[in-house]
Amino acid sequence: MNRERSKRLLPWISTPLILIAFFVAWDLFVRINDVSELVLPPPLTVFESLVEVVTEASTWEHALVTATETIGGFLIALVSGVAVGVVLGKVAWLENSLRPLIVASQVVPKVALIPLFVIWFGFGMTSKVIMSAMLAFFPIMLNVQLGVRSVEAGQREVMRSLNASRWQTFLHLELKSTMPYVFAGLEVGIVFAIIGTIVGEYLGGSEGLGYLVVRTLNELDAPALFAVIILLSVLGLLLYFVVHGLKRFFIPWHESVYGQQDVNR
Amino acid sequence: MPAHSTETLEQDKGAQRAPRPAPAKLELAGIGKEFRTKRTVTQALSGIDLTIGDGEFVSLIGRSGCGKTTLLRMLAGLLSPSSGQILVEGRSLWNGAKVDSSVVSQLGVVFQEANLFPWYSVADNISLPLRLRGDGKEERRERAHELAELVGLKGFENSYPRELSGGMRQRVAIARALSIRPKLLLMDEPFGALDALTRERMNLELQRIALATNATVVFVTHDITEAVFLGDRVVHLTPRPGRIRQVRSIDFDRPRSIDVQTEPAFGAIVRDLRHALDEEG
Ligand SMILES: Nc1ncnc2c1ncn2[C@@H]1O[C@H](COP(=O)(O)OP(=O)(O)OP(=O)(O)O)[C@@H](O)[C@H]1O
Ligand SMILES: [Mg+2]
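Note that this is a predicted model, so its numbers are computed, not measured.

Q: Describe in detail the coordination of the magnesium ion (ligand 2), supporting the description with residues and values.
A: All names here are of chain B. The magnesium ion (ligand 2) binds to the protein through T69 (OG1) and Q112 (OE1); the donor distances cover 1.8 to 2.6 Å. Remark: Q112 occurs in the loop between β8 (107–110) and α4 (122–126) and T69 occurs in helix α2 (residues 68–75); sequence separation between them is 43 residues. Given a relative accessible area of 29%, T69 falls into the partly exposed group.

Q: How would you summarise the pairing of strand β2 (residues 41–53) of chain B if you had to cite specific residues and measurements?
A: Bridge analysis of strand β1 (residues 24–36) of chain B against β2(B) gives 9 bridges, and the strand direction is antiparallel. Note that in β2(B) the partner of F35(B) across the bridge is T42(B).

Q: Any details on the sheet that holds β2(B)? Residues and values, ideally.
A: Residue and element names in this part refer to chain B. If you trace the 4 strands from one edge of the open sheet to the other, you get β2-β1-β4-β5, paired in antiparallel fashion. The strands lining the two open edges of the sheet, one partner per strand, are β2 and β5 (91–92). Across the sheet, α2 touches β1, β2 and β4 (83–88), and the angle it forms with β1 is around 120°.

Q: Give a description of the side chain of S80(B) that names residues and reports values.
A: Residue and element names in this part refer to chain B. Among the secondary structure elements, S80 is positioned in the loop between α2 and β4. Judged by relative accessible area, which is 18%, S80 ranks as buried. Leaving out residues up to four positions away in the same chain, S80 has contacts with K33, M74, W94, G96 and A97.

Q: Describe the packing of aromatic side chains, and please don't skip the residues or the numbers.
A: Aromatic ring pairs are reported here in terms of the distance separating the ring centres and the angle at which the planes meet. Using the criterion set out here, one finds 18 aromatic pairs over all chains in the structure. Consider the rings of F57(B) and F219(B), whose centres lie 5.7 Å apart with planes at 50°: the pair is tilted. Linking F57(B) in strand β3 (residues 57–62) with F219(B) in strand β10 (residues 216–220), this pair joins segments that are 162 residues apart in sequence. Among the residues examined, F57(B) registers a relative accessible area of 3% and is labelled buried. Here a set of aromatic residues connected by ring pairs shows up, and it is made of F22(A), F23(A), W26(A) and F226(A).

Q: Lay out the domain arrangement of chain B with the relevant residues and their values.
A: Residues and elements named next belong to chain B. Partitioning chain B into domains gives domain 1 (22–106 + 182–281) and domain 2 (116–181). At the interface, 17 residues of domain 1 touch 12 residues of domain 2. In total, about 1100 Å² of surface goes out of reach between domain 1 and domain 2, with carbon and sulfur atoms giving 75% of it. Among the residues of domain 1 in contact with domain 2, P182, M202 and I209 are the three that bury the most area, contributing 38% of the side total.

Q: Which residues make up the nonpolar core, and what are the values?
A: Residue and element names in this part refer to chain B. Ranked by internal contacts, the top residues of the largest apolar core, which has 77 residues, are L26, L28, I86 and L186. Of the domains in this structure, domain 1 (22–106 + 182–281) and domain 2 (116–181) are the two that each give at least three residues to this core. Apart from the residues lying within four places of it in its own chain, the contact partners of L186 are L72, L75, A76, L107, G108, V109, V110 and V218. Counting residues in each nonpolar core, the second largest holds 46 residues, with L116, A148, V172 and F219 among its members.

Q: Residues and numbers for the environment of W94(B), please.
A: All names here are of chain B. With respect to the helices and strands, W94 occurs in strand β6 (residues 94–95). Residues within four places of W94 in sequence aside, it is in contact with M74, G77, L78, L79, S80, P81, I86 and V99. Among the polar contacts made by the side chain of W94, one reaches the main-chain carbonyl oxygen of M74 at a distance of 3.0 Å.

Q: An account of the interface of chain B and chain A is requested, with residue identities and associated values reported.
A: Counting residues at the interface gives 21 residues for chain B and 18 residues for chain A. Summing both sides of the interface, chain B and chain A together bury roughly 1900 Å²; the carbon and sulfur share of this comes to 64%. Of all residues in chain B, W119(B), L132(B) and R162(B) bury the most surface against chain A, accounting for 37% of the area lost on that side. The interface formed by chain B and chain A holds 1 salt bridge in total. Between E157(A) and R73(B) there is a salt bridge, and its shortest N-O distance comes to 2.2 Å. The interface formed by chain B and chain A includes 8 residue pairs in polar contact (both at pLDDT 80 or more). Take the side of chain B that touches chain A: its biggest share by element is 4 residues, from helix α5 (residues 128–132) of chain B. Classifying every residue of the side of chain B that touches chain A gives 13 nonpolar, 4 polar and 4 charged.

Q: Can you explain the pattern of salt bridges? Please cite residues and give values.
A: Residue and element names in this part refer to chain A. According to the stated counting rule, one finds 21 salt bridges over all chains in the structure shown. K247 is the partner of E187 in a salt bridge, and the nearest nitrogen-oxygen pair spans 3.5 Å. With a gap of 60 residues between them, E187 in helix α8 (residues 166–203) and K247 in helix α10 (residues 222–250) connect regions that are remote in the sequence. Grouping residues by exposure puts E187 and K247 together as buried.

Q: Go over the layout of surface pockets with me, naming the residues and quoting the values.
A: Estimated volume of the largest pocket: approximately 560 Å³. Around the largest pocket sit 19 residues that line it, and E152(A), Q155(A), W253(A), L116(B) and P118(B) are the ones nearest its centre. Contributions of two or more residues to the lining of the largest pocket are made by α8 and α11 (255–264) of chain A. Tallied by class, residues from the lining of the largest pocket come to 9 nonpolar, 5 polar and 5 charged. Considering only enclosed or pocket space, the second largest pocket measures out at about 460 Å³ in volume. Lining the second largest pocket are 20 residues, with M159(A), R160(A), A164(A), R166(A) and T169(A) sitting closest to its centre. Elements supplying a minimum of two residues to the lining of the second largest pocket: α7 (153–161) and α8 of chain A together with β7 (98–99) and α3 (101–104) of chain B. In terms of residue count, α8(A) provides more of the lining of the second largest pocket than any other element does, 4 residues in total. A breakdown of the residues in the lining of the second largest pocket according to their chemical character gives 9 nonpolar, 5 polar and 6 charged.

About the criteria used
Residues numbered from 1 in each chain as written. Chains lettered and ligands numbered in written order. Predicted model: local features only at pLDDT ≥ 70, side-chain atom pairs only at ≥ 80, totals over all residues. Heavy atoms only, no water. Donors = N, O, S within 2.8 Å, 3.2 Å for Na, K, Ca; no water. Helix = DSSP H or I, 4+ residues; strand = E, 2+ residues; numbered from the N terminus. Buried < 20%, exposed > 50% of the residue type's maximum accessible area, 1.4 Å probe, protein only. Pairing = 2+ DSSP bridges. Contact = heavy atoms within 4.5 Å. Axes fitted to C-alpha atoms, helices over the stretch in contact; angles between N-to-C directions. Phe/Tyr/Trp six-rings, centres within 6.5 Å; stacked < 30°, edge-to-face > 60°. Domains from an automatic or database assignment. Buried area = accessible area lost by both parts, 1.4 Å probe. Core = buried A, V, L, I, M, F, W, Y, C linked by side-chain atoms within 4.5 Å. Polar contact = N/O pair within 3.5 Å; in protein donor to acceptor, adjacent residues only side chain to side chain. Salt bridge = Lys/Arg side-chain N within 4 Å of Asp/Glu carboxyl O. Nonpolar A, V, L, I, M, F, W, Y, C, P; charged D, E, K, R; others polar. 1 Å grid on protein atoms, 1.4 Å probe; cavity = no way out; pocket = protein on both sides within 12 Å on 5 of 7 lines; lining within 4 Å. Points joined across faces, edges and corners; volume = space filled by probe spheres on them.

In structure tokens, the structure reads:
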């Protein structure tokens, strides 16, 4: 009983401890080696800069832009990825004929297309939304495709022996057993969506946290640069945890969810 | 009053029933099945002729790989025969490779594997067949409760399949098959994963249910004692290709108690069948 409880509490104690150790090491490293503030500012300076950045209203406008682009791109990828994944998973000949194309488009470094998108769609949000949608699309689509195929033959036979209609089979079996794959795809997809947005903002435009990174870099304001990176990480974490929370809500029966609970216990 | 106890009342009626009633529930005529793969053709079954009466309990035994599951799958409407005909109450189950779905609807099937749905609780797994046919929530809950008790899983209604042992899962699968009170019950080694005592109890329960509901049962097992204990007839299949080697009538009165197994006549039948299986080598 006591051991179980301490196991559950462990991450709540260990994580702050590790973070503190990290910051102390960082601070010591900077002091001992006398590193220039332009290269690596000490943690306290970064913290001061973070407070400054956070209290500035325009930062939040930038963050809102980045979040909107990411979520927009992610939602597009979600809808199209699930749709295409289901179709390709169900229609074998279509998947066979499109496979070379799919593999090719995965290998192409999509980030290299951003300048093209900027030419086509301008410096606004559209080009970034498309970028993040494109990056998030593939992991979602591929996972859904896998999920549709992975419905167990024995469970299918149960539905057939019960004289279930197509719709019933979809609702009670196919949808349910594809869900874990959808969420596995979404967890990767949201991370890719953020990467797509930020890289998009690096390369073009005047809005978003990615743009702030570039601007602070040009101003050689390393502490502010670090502060923006921290903000980006927090945004990424938030979005990831939203997706993860949805997963825990929708598929509590799946081993990727209950297995985790066992570990945390 | 739970439906369970009305079944117990009906049991006495069942006891006076002739062991092999006249009207044919199932007729297999010249059933054969070939599996073709790229390299090989397997003749899994050949020339199976068998008539099964209404309310009859038929045990199916035979070596591993002799085609028991294949035969059961054809009866369940999951696999079309390569040749021959299956009639359920005089109606053809298969029209070529298409199955007549109205015939399938009164069927309960227990597979060799439990095949539960991990996203549904035990109760929801048990009552899935009722849900598919549109029964109300309250009705389903009650029936699931009753069946969970019947298969010895009282108190586990809200558990999920991952929390059950292999034998418990198989019992959920049995409860699921029974939920619609099927007139025809097809079971593929349903008690293989159970310990000896639970198995004995399940045998008695199955006999009781079959008598009470007057269900026709085709029951595949590896266990000869179980086959003889449960069956009105025991059908012995030989492999490659699967054919009926012999059909043995078992005439002990119903309901049979476990004690019947110690009778000399019972032992003689079991010994006979074991020899026949051994001879296949
Ligand atoms: N889908 C299939 N494709 C090819 N061959 C098959 C297929 N299903 C079964 N067979 C073959 O048909 C034969 C009978 O198989 P079946 O599963 O009916 O045996 P069984 O009597 O149920 O065996 P067991 O007691 O081990 O369950 C086996 O030789 C098997 O290899
Ligand atoms: Mg089998």
